[in-house]
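# Residue-level structural notes
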Amino acid sequence: MAAPTMKERQACWGARDEYWKCLDENTEDASQCKKLRSSFESSCPQQWVKYFDKRRDFLKFKEEFEAGKPQPLKRTAKS
């Protein structure tokens, strides 16, 4: 696998950011973000998708833990 070009990396990060924003805005119904998830998966290498899913899970867990409300780790779709 060749390293992604700068444009490909920017497209990936943009798709990831849009998807994460949708998840933040739709905490109760992540199904509203299916199209953005598909765009995220098609814009990024598979390994990056796995990494970003795990990273988001960790960041959300850390945020809740630091706020004093630890909860079981919730998995993002397909992670």
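Per an unreviewed UniProt entry, the protein chain is named Cytochrome c oxidase assembly factor 6 homolog, and its organism is Propithecus coquereli. Of the protein chain, the UniProt comment under Sequence similarities (unreviewed entry) reads exactly: "Belongs to the cytochrome c oxidase subunit 6B family." UniProt annotates the protein chain under Subcellular location (unreviewed entry) with the comment "Mitochondrion intermembrane space".

### Things to note about the state of the cysteines
Tallying each qualifying case throughout the model produces two disulfides. The residue that forms a disulfide with Cys-12 is Cys-44, at a sulfur-sulfur distance of 1.9 Å. Disulfide Cys-12-Cys-44: torsion about the S-S bond near 110°, hence right-handed. With a gap of 32 residues between them, Cys-12 in helix 1 (residues 6–25) and Cys-44 in the loop between helix 2 (34–43) and helix 3 (46–66) connect regions that are remote in the sequence. Cys-44 carries the same exposure label as Cys-12, and that label is buried. Across the disulfide from Cys-22 sits Cys-33; the S-S distance is 2.0 Å. Taking the torsion about the S-S bond as the criterion, the Cys-22 to Cys-33 disulfide, at about -90°, is left-handed.

Scoring rules and cut-offs
Residues numbered from 1 in each chain as written. Predicted model: local features only at pLDDT ≥ 70, side-chain atom pairs only at ≥ 80, totals over all residues. Heavy atoms only, no water. UniProt positions renumbered as here; feature names shortened; annotations may be inferred. Disulfide = S-S within 2.5 Å. Helix = DSSP H or I, 4+ residues; strand = E, 2+ residues; numbered from the N terminus. Buried < 20%, exposed > 50% of the residue type's maximum accessible area, 1.4 Å probe, protein only.

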